[in-house]
Amino acid sequence: MIGDIVESKQCQLKDPMDLFHSGQVVKICAPMVRYSKLAFRTLVRKYSCDLCYTPMIVAADFVRSAKARDSEFTTNKGDHPLIVQFAAKEAQVLCDAACIVCPFADGIDLNCGCPQRWAMAEGYGACLINKPELVRDMVRHVRNQIDNPRFSVSIKIRIHEDLKRTVDLCQKAEATGVSWITVHGRSVEERHQPVHYDAIKIIKQSMSIPIVANGDIKTLKDAENVHHLTGADGIMVARGLLANPAMFSGYEETPLKCIQDWVDIALEHGTPFTCFHHHLMYMMERITSKQEKKVFNVLSSTSAVLDYLNDHYGV
């Protein structure tokens, strides 16, 4: 199994809480729709990523439909430590979903940060930051019904305009037994505005559980700076890892070795062409000219992509 080639020392620590108590800043691959699936998780784990999340999965669909389970969640022996992120609004539904993945994952995360309109309209994602009692109830239910005390239950949030409300939400979640909290340092309305790292620092100082900082981290240097600014115990990266899956190993841009690794892993996993191609478009963004992008981005088959990589990069 491809996942078995993970040999980095951090990944020997299979328990997420052990990572947070290791004295090192935990390097985390964010939940990304369509992108943070098994093949990509396998790739970033080769390049010093300590902890990976699945894409967000709607818990109700997952519990109800075997088809949804098969398409949304795949893993293997090397895919640890792994957090499955769910969108949920009912405690028992979240519990049922957690019970299904418990034998295969190391924890679940409740999404309280997705600002997309469809999610909020359904009662999922970022609207939950305004329902601290419901969040508390969901965390408590999972804690009470999962027998494994090593199984983590975390939440990922955005911040309120009034930070006191965010601190209150976090403290309520902590009192219920949440393992750690990931804070995306923007409000629901903010998209590309600067991240409020000062807010993450205040939250960190108000809590005794680990806090993970998220938002606009594109390089290992950025990760170190955000750690120093906020005191966060972990750094979660999304787009920075899409652009450079080797980022946590200190590479400034995607090395050719990483592109080769992606090709090998994606082919072995039977990754659908669109996903395979999109990942390469992100990875090669910084290392290709405008002219090259025009050609590469319209390639329409795996064999055409492989020929291009071989001809231009010897991959």
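As annotated in an unreviewed UniProt entry, the chain carries the name tRNA-dihydrouridine(20a/20b) synthase [NAD(P)+]-like and comes from Nyctibius grandis. According to UniProt, the comment filed for the chain under the heading Function (unreviewed entry) is "Catalyzes the synthesis of dihydrouridine, a modified base found in the D-loop of most tRNAs." UniProt, in its Sequence similarities (unreviewed entry) section for the chain, records the words "Belongs to the Dus family. Dus4 subfamily."

Each assigned domain of the chain is listed here: domain 1 (16–249) and domain 2 (256–313). Of note, the centres of domain 1 and domain 2, computed from C-alpha atoms alone, are 29 Å apart. Taken together, the contact pairs 16 residues of domain 1 with 13 residues of domain 2. Buried surface at the junction of domain 1 and domain 2, summed over both partners, amounts to about 1,300 Å²; 65% is from carbon and sulfur atoms. If you sort the residues of domain 1 by the area they bury against domain 2, Tyr 35, Ala 39 and Leu 43 come out on top, with a joint share of 35%.

Below, the discussion takes up the confidence of the model for the chain. Averaged over all residues, the pLDDT of the chain is 94; the fraction at 70 or higher stands at 96%. Scored below 50 in pLDDT, residues 1–13 makes 27 contacts in the model with residues more than four places away or belonging to other chains.

Formed by 88 residues in total, the largest nonpolar core has its most connected members in Phe 86, Ile 155, Ile 181, Leu 280 and Leu 309. Met 17, Val 26, Ile 28 and Val 212 belong to the second-largest nonpolar core, a separate cluster that totals twelve residues.

What follows concerns the UniProt feature "active site" (unreviewed entry) in the chain. Look at the UniProt record and you will see "active site" (unreviewed entry) annotated at Cys 114. Note on placement: Cys 114 falls in the loop between strand E5 (107–112) and helix H6 (117–121). Leaving out residues up to four positions away in the same chain, Cys 114 has contacts with Met 56, Ala 119, Met 120, Gly 125 and Ala 126.

Calculation rules
Residues numbered from 1 in each chain as written. Predicted model: local features only at pLDDT ≥ 70, side-chain atom pairs only at ≥ 80, totals over all residues. Heavy atoms only, no water. UniProt positions renumbered as here; feature names shortened; annotations may be inferred. Domains from an automatic or database assignment. Contact = heavy atoms within 4.5 Å. Buried area = accessible area lost by both parts, 1.4 Å probe. pLDDT = per-residue confidence, 0-100. Core = buried A, V, L, I, M, F, W, Y, C linked by side-chain atoms within 4.5 Å. Buried < 20%, exposed > 50% of the residue type's maximum accessible area, 1.4 Å probe, protein only. Helix = DSSP H or I, 4+ residues; strand = E, 2+ residues; numbered from the N terminus.

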